[in-house]
Amino acid sequence: MRPFTYERATDLASAARTVAENPGARFLAGGTNLLDLMKLEIETPVHLVDVQDLGLDRIEPTGEGGLRIGALVTNTALAADARIRRDHAVLARAILAGASGQLRNKATTAGNLLQRTRCAYFYDTAMPC
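Residues numbered from 1 in each chain as written. Predicted model: local features only at pLDDT ≥ 70, side-chain atom pairs only at ≥ 80, totals over all residues. Heavy atoms only, no water.

**As for the nonpolar core**
Next up, step 1: Grouped together as the largest cluster of nonpolar side chains are 9 residues: Ala9, Ala15, Val19, Ala25, Ala29, Val49, Val51, Leu54 and Leu72.
Next up, step 2: Apart from the residues within four sequence positions on either side, Ala15 is in contact with Ala9, Phe27, Val49, Val51 and Leu54. (Core = buried A, V, L, I, M, F, W, Y, C linked by side-chain atoms within 4.5 Å. Buried < 20%, exposed > 50% of the residue type's maximum accessible area, 1.4 Å probe, protein only. Contact = heavy atoms within 4.5 Å.)

**Digging into a nonpolar patch on the surface**
Next up, step 1: On the surface, Met1, Phe4, Tyr6 and Leu35 cluster together to form a nonpolar patch covering roughly 360 Å² of accessible area.
Next up, step 2: Mapped onto the elements of the fold, Leu35 is located in helix H2 (residues 34–39). (Patch = residues over 30% accessible without salt bridge, like charges linked within 9 Å, V, L, I, M, F, W, Y side chains within 5 Å. Areas by Shrake-Rupley, 256 points an atom, 1.4 Å probe, with all protein chains shown as cover. Salt bridge = Lys/Arg side-chain N within 4 Å of Asp/Glu carboxyl O. Helix = DSSP H or I, 4+ residues; strand = E, 2+ residues; numbered from the N terminus.)

**Quick notes on the pattern of salt bridges**
Next up, step 1: Under the criterion given, the structure shown has 7 salt bridges.
Next up, step 2: For Glu41, the salt bridge is made with Arg2, and the minimal N-O distance between the two is 3.4 Å. Taken together, the positions of Glu41 in the loop between H2 and strand E3 (47–50) and Arg2 in the segment before strand E1 (5–8) put the pair 39 residues apart, joining distant regions of the chain.
Next up, step 3: For Asp50, the salt bridge identified is with Arg8, shortest N-O distance 3.7 Å. In this pair, Asp50 is assigned in strand E3 and Arg8 in strand E1, connecting sequence segments 42 residues apart.
Next up, step 4: A relative accessible area of 7% places Asp50 in the buried class.
Next up, step 5: Each of the salt bridges in this network shares a partner with another, and the network as a whole consists of Arg8, Asp50 and Asp53.

What follows is the structure, encoded as structure tokens:
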């Protein structure tokens, strides 16, 4: 793993600005994918902006009867939510089947959607592995 700097974001706007203005900067939340890729030097960020404490970890009802799932909701929280278990049982079961308890406790909704898969078949062939 290469050296990097770290900061804990205090608000969304400054976190976005920091990453936008610093080539090689990356957001960090749960880190279950990014840290693995850093260890393999597939990802080599020079600066990490930790967004874990920005309040994006809520599951809230919408006016239309749906649910708004925050980007930083952990897989554990999502799978355990009574509304998810009741109305979206397949999602809850898929989350529980997809990783160990340790990973579910750290992995986030946004991280799952944005992860760079570990399967070599899907790696960008332009990137050295």
